[in-house]
Structure formats: C-alpha cells, structure tokens
Amino acid sequence: IGLDQLADTIERAVGHEVGGTEGAFVPPPEDIPLAPPDDPDDGEGDGDGENEPIRVPTPERKLRVAIVGDSLAAGLGYFAERVFRPRLVTVSGQGRISTGLARPDYFNWPYTMRRIVDRFDPDLVIVMLGENDHQSLQDVRGNREALIGTAAWPPVYRDRVLRMMRIATSRGAKVVWAGLPISADFRLREHSRRQNDLFEFAASISSDVVYFDSWNRFRDPAGGYTAYLREGNRVVLIREGDGLHFNAVGYTVVAREIAKLAAEEFGLSPRTFDTEI
C-alpha cells in the first residue's frame, strides 16, 4: 500500500541511507588535511595543466589522493591504503555516509569539495557517490528544483555533477569518477544506470576527468548482480550482504582498478600502487 515508499522518503528527509549500511564497513571521514608547502619545481610535470600527466612523487613530496563521496567512498578510502604505497602517496578518505548531490540542504558537496581542494590540494581525486540520490533534487535552502521521474531531473543532476568535476579539477587535479556498481536491489537499478550515463557523459566533456565503469566491471557475465569476482583461477567474495557495498577484498580490487585506469589515462606512476590484491 505504499508504506515502504513513504518510509524511504522519511529516511531520506532526515539523511538516512535507504537500505542502511548494516553489515557494511563504513569508517568515519578524516579531517581534511593541510597540504605541505609546495617544493621548488623539480622539472617534472606537476599536473597543473590540462593533459599534463600526474607528477612523479618522491618520499619527500608524496602524491596526494582524495577519495570523496558517500558510504561507498568511505569504504574505498579506507582500503585504498592497501593499494597506494604510503612511501609515495598520502590518501585522504573523505567519504560521508548518507550524502550525495540531491540534498545540498543536508550536506553541501560542492562546498566541501572546494574545501578539500583548497586545503589538501590533491593530485588525484576519486569520486564515488550517487546511491543516496534516488530522490527529488533540492537546493541549499531545501526548495525543490526537480521532481524525480520527470524530464527536469536529468539535466539538473548532470549540472551538479559537472560542477563537482570543475571544482575538483580547478587546481590541476585529475579525477576518476567511479559509477555506481550494480545492486542486488532491483528497485534501484534503472535509476542507477541513468545516473551512470550522466556520470559518463559529464566525464566525457570535462577536462582531466575519466569515468570508471563499476557496473560492468563487477556484474556477472549474464549482466546481473553477483557478489563474487573471478581473479585468474580464483573466485573471491567482493560484496557485503546488503547487496550494495563492497567488502575489504572488493574495495581493494576497486582501488586497484581505479589506480590502473589513472595510470593509463593520466600517467600515474606504476610505482605508486600495488597491482595484486
């Protein structure tokens, strides 16, 4: 009789994630660290311009990687430290549970992204969000801008994604925007696929941004949901029981795949990350 939809609406209104994160590992966000003063120019590309490769780090001048988004990004930020080598990379996990781009009156991601860029000055930004955006879009004052399910929703949401990308790259950082993974919940799939189309399109028209297709990378061969991944001769469990979040192995795989993509697209040094889980 529609009570589940009503409950979902109430949960979103108070900032709760629909479906919850029970059983999923969701670490709290870190304080935004302050980047050290820039070292004198070392002749290497600093990643300060379009199409320049990410700078080559040293132990004295580590690469700075910020991982931002919702609870998916929170888990990714924690386990990315298994992939990026701490001798050469500083990882800052900035995932915030129950957040997204739909409700800046609840949590303002463009404002927070600007603070991350200004304080941490990342070389690489990894974004993973959208699971909480299956709802109407509101402005910072809580006024509705676009009703979900209408023709107005996609262009407004796309513009919010583009704004995040512009802020993230405004000081020379490269961005890998990870799409939503396929969920075990059939109710979320169609909308998530549409969001992924918007993420991919926005990345295609933005400088220094590339899209990572989590959906197709982690679905089963027939196109449906699976909690497992074949790695060579092994089959490993990569998803949590909630059918959305990844487990420790899964987040490690996601981080590894994103690092490989950044190496291909932006010249990230292979010395900065491990290729095996």
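Up top is the structure.
This structure is a prediction, so every number in the text was calculated from the model and none was measured.

Draft legend 1. The overall build of the chain, seen in detail. When helices and strands are tallied, the chain shows seven helices and nine strands. Taken across its 277 residues, the chain has 54% of its residues classed as buried. Pairs at least 24 residues apart make up 72% of the contacts formed inside the chain by residues separated by at least 6 positions. Approximately 12,900 Å² of the chain is accessible, and the part contributed by carbon and sulfur atoms is 51%.

Draft legend 2. Representation of the packing of aromatic side chains. Under the defined criterion, the tally for this structure stands at nine aromatic pairs. Look at Trp 153 and Tyr 157: their rings are 4.5 Å apart centre to centre, the planes differ by 20 degrees, and that puts the pair in the stacked class. Pair noted here: Trp 153 and Tyr 157 are both in helix H4 (residues 153-168), with a separation of four residues, about one helical turn. What makes Tyr 157 buried here is its relative accessible area of 0%. Here the aromatic residues Tyr 78, Phe 79, Phe 212, Phe 218, Phe 246 and Tyr 251 are joined through ring pairs into a cluster of three or more. The ring of Phe 186 is capped by Arg 189, whose NZ or CZ atom sits 4.1 Å from the centre of that ring. The cationic tip of Arg 239 hangs over the ring face of Phe 246; the distance from NZ or CZ to the ring centre is 4.6 Å.

Draft legend 3. Summary view of unusual backbone geometry. The phi dihedral of Asp 121 is positive, around 50 degrees, even though this residue is not glycine. Its location among the elements puts Asp 121 in the loop between helix H3 (109-120) and strand S3 (124-128). With a phi close to 65 degrees, Asp 208 is a non-glycine residue in the positive phi region. Along the polypeptide, Asp 208 turns up in the loop between helix H5 (186-204) and strand S7 (209-212). Of the residues examined, Asp 208 reaches a relative accessible area of 13% and is grouped as buried.

Draft legend 4. Broad picture of the pairing of S3. With five of its five residues buried, S3 lies for the most part within the structure. Neither face of S3 is exposed, since Leu 124, Ile 126 and Met 128 on one face and Val 125 and Val 127 on the opposite face are all buried. Sheet topology note: the strand S1 (residues 63-69)/S3 ladder contains five bridges and is parallel. Paired with Ala 66 across the two strands is Val 125, which belongs to S3. Bridge analysis of S3 against strand S6 (residues 174-178) gives four bridges, and the strand direction is parallel. From the neighbouring strand, Leu 124 faces S6, where its bridge partner is Lys 174.

Draft legend 5. Representation of H3 within the structure. With twelve residues, H3 extends 16 Å from end C-alpha to end C-alpha; this agrees with the ideal 16 Å at 1.5 Å per step. Those residues of H3 not exposed but buried are Trp 109, Pro 110, Thr 112, Met 113, Ile 116, Val 117 and Phe 120. The buried residues of H3 occupy an angular sector of 165 degrees when the element is viewed end-on, so they sit on one face. Of the residues flanking the start of H3, the one acting as N-cap is Asn 108, its side-chain oxygen 3.1 Å from the backbone nitrogen of Tyr 111. Asp 121 lies just past H3 and shows a positive phi near 50 degrees.

Draft legend 6. A look at the environment of Asn 51. Along the polypeptide, Asn 51 turns up in the loop between helix H1 (3-13) and S1. Asn 51 gets classed as exposed once you look at its relative accessible area, which sits at 68%. Taking the C-alpha atoms as reference points, Asn 51 and Asp 208, separated by 157 residues in sequence, lie 6.7 Å from one another. Asn 51 has contacts with Lys 174 and Asp 208, leaving out every residue within four places of it along the chain.

Draft legend 7. Broad picture of the packing of helix H2 (residues 71-79) against helix H7 (residues 248-266). Relative orientation of the contacting elements H2 and H7 amounts to 80 degrees, with a least axis distance of 8 Å. In this view, H2 runs roughly perpendicular relative to H7, as classed from their interaxial angle. On the side of H2, the interface is formed by Ser 71, Leu 72, Gly 75, Leu 76 and Phe 79, while H7 contributes Ala 248, Tyr 251, Thr 252, Val 254, Ala 255 and Ile 258. For the contact of H2 with H7, the class distribution of residues is eight nonpolar, three polar and no charged.

How each quantity is defined
- Residues numbered from 1 in each chain as written.
- Predicted model: local features only at pLDDT ≥ 70, side-chain atom pairs only at ≥ 80, totals over all residues.
- Heavy atoms only, no water.
- Helix = DSSP H or I, 4+ residues; strand = E, 2+ residues; numbered from the N terminus.
- Buried < 20%, exposed > 50% of the residue type's maximum accessible area, 1.4 Å probe, protein only.
- Contact = heavy atoms within 4.5 Å.
- Areas by Shrake-Rupley, 256 points an atom, 1.4 Å probe, with all protein chains shown as cover.
- Phe/Tyr/Trp six-rings, centres within 6.5 Å; stacked < 30°, edge-to-face > 60°.
- Lys NZ or Arg CZ within 6 Å of the ring centre and 35° of its normal.
- Pairing = 2+ DSSP bridges.
- Expected span 1.5 Å × (residues − 1).
- Arc of directions from axis to C-beta.
- Polar contact = N/O pair within 3.5 Å; in protein donor to acceptor, adjacent residues only side chain to side chain.
- Axes fitted to C-alpha atoms, helices over the stretch in contact; angles between N-to-C directions.
- Parallel < 35°, antiparallel > 145°, perpendicular 65-115°, else oblique.
- Nonpolar A, V, L, I, M, F, W, Y, C, P; charged D, E, K, R; others polar.

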